[in-house]
Amino acid sequence: EVLVVNAHRHDGQKFYPATGTASEVGLGPGRGFNVNVALPEGYGGAALWSVCANVLLPAARSFRPDLIIISAGFDAAEGDPLGGCAVSP
C-alpha cells in the first residue's frame, strides 16, 4: 500500500494541471490513499507548516509507513517565475 499526501497550488482551472482537489482521493483499491491539499496562489512557508502539522503528520501516524519519500518541486519557492508562491528556499 502507498499513501500519497500532496500539497500544491490549485486555483481551479487557472493553474496547470488544474487537478488535485480534496475530492480526488484515489480510485479502485487505491481509494482513500491519496490526500490532496490545495493551496492558493501566493502561499508561503506558514501554509506548508500547517499542512504538515494538520494533514501530513496525522495521516502518517494513521498509515504507519515503513518508508517515507519526499518529492519537493521548486515551483513553490519565492521568485519562481511559474509558481507564484512565496516559500523560502
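Check the entry above for the structure.
So, here is what we can say about the structure in this document.

**Describing the pattern of salt bridges**
Side-chain pairs of opposite charge can arise where the charged atoms are in close proximity.
At step 1: Applying the stated rule across the entire model yields 2 salt bridges.
At step 2: Here Arg 9 makes a salt bridge to Asp 11, at a shortest N to O gap of 2.6 Å. Assigned by exposure class, Arg 9 and Asp 11 land together as buried.
At step 3: The salt bridge involving Arg 9 is made with Glu 41; its shortest N-O contact spans 3.4 Å. Linking Arg 9 in strand E1 (residues 4–9) with Glu 41 in the loop between strand E2 (34–39) and helix H1 (45–63), this pair joins segments that are 32 residues apart in sequence.
At step 4: A residue is classified by how much of its surface remains accessible, and Arg 9, at 13% relative accessible area, is buried.
At step 5: Take Glu 41: its relative accessible area is 52%, and that puts it in the exposed class.

**Quick look at the nonpolar core**
At step 1: By size, the foremost hydrophobic cluster in this structure holds 7 residues: Val 37, Leu 39, Tyr 43, Val 51, Ala 76, Cys 85 and Val 87.
At step 2: Contacts of Val 87, omitting those with residues within four sequence positions, involve Tyr 43, Gly 44, Gly 45, Leu 48, Ala 76, Ala 77 and Glu 78.

**Regarding the side chain of Asn 36**
At step 1: Here Asn 36 shows up in strand E2.
At step 2: For Asn 36, a relative accessible area of 10% puts it in the buried group.
At step 3: A polar contact of 3.0 Å, which involves the side chain of Asn 36, links it to the backbone oxygen of Glu 24.
At step 4: The residues contacting Asn 36, other than those within four sequence positions of it, are Asn 6, His 8, Gly 20, Thr 21, Ala 22 and Glu 24.

**A closer look at the packing of aromatic side chains**
At step 1: Per the counting criterion, the structure on display carries 1 aromatic pair.
At step 2: Pairing Phe 33 with Phe 63 gives two aromatic rings, centres 6.0 Å apart and planes at 75 degrees, and the pair type is edge-to-face. Placement of Phe 33 in the loop between E1 and E2 and of Phe 63 in helix H1 is noted, with a sequence separation of 30 residues between them.
At step 3: Judged by its relative accessible area of 23%, Phe 33 is partly exposed.
At step 4: On the basis of relative accessible area, Phe 63 is assigned to the partly exposed category, the value being 24%.
At step 5: Here the guanidinium or amino end of Arg 9 rests over the ring plane of Phe 15, the centre of that ring lying 3.8 Å away.

Cut-off values and rules
Residues numbered from 1 in each chain as written. Predicted model: local features only at pLDDT ≥ 70, side-chain atom pairs only at ≥ 80, totals over all residues. Heavy atoms only, no water. Salt bridge = Lys/Arg side-chain N within 4 Å of Asp/Glu carboxyl O. Buried < 20%, exposed > 50% of the residue type's maximum accessible area, 1.4 Å probe, protein only. Helix = DSSP H or I, 4+ residues; strand = E, 2+ residues; numbered from the N terminus. Core = buried A, V, L, I, M, F, W, Y, C linked by side-chain atoms within 4.5 Å. Contact = heavy atoms within 4.5 Å. Polar contact = N/O pair within 3.5 Å; in protein donor to acceptor, adjacent residues only side chain to side chain. Phe/Tyr/Trp six-rings, centres within 6.5 Å; stacked < 30°, edge-to-face > 60°. Lys NZ or Arg CZ within 6 Å of the ring centre and 35° of its normal.

The analysis is restricted to geometry; functional conclusions fall outside its scope.
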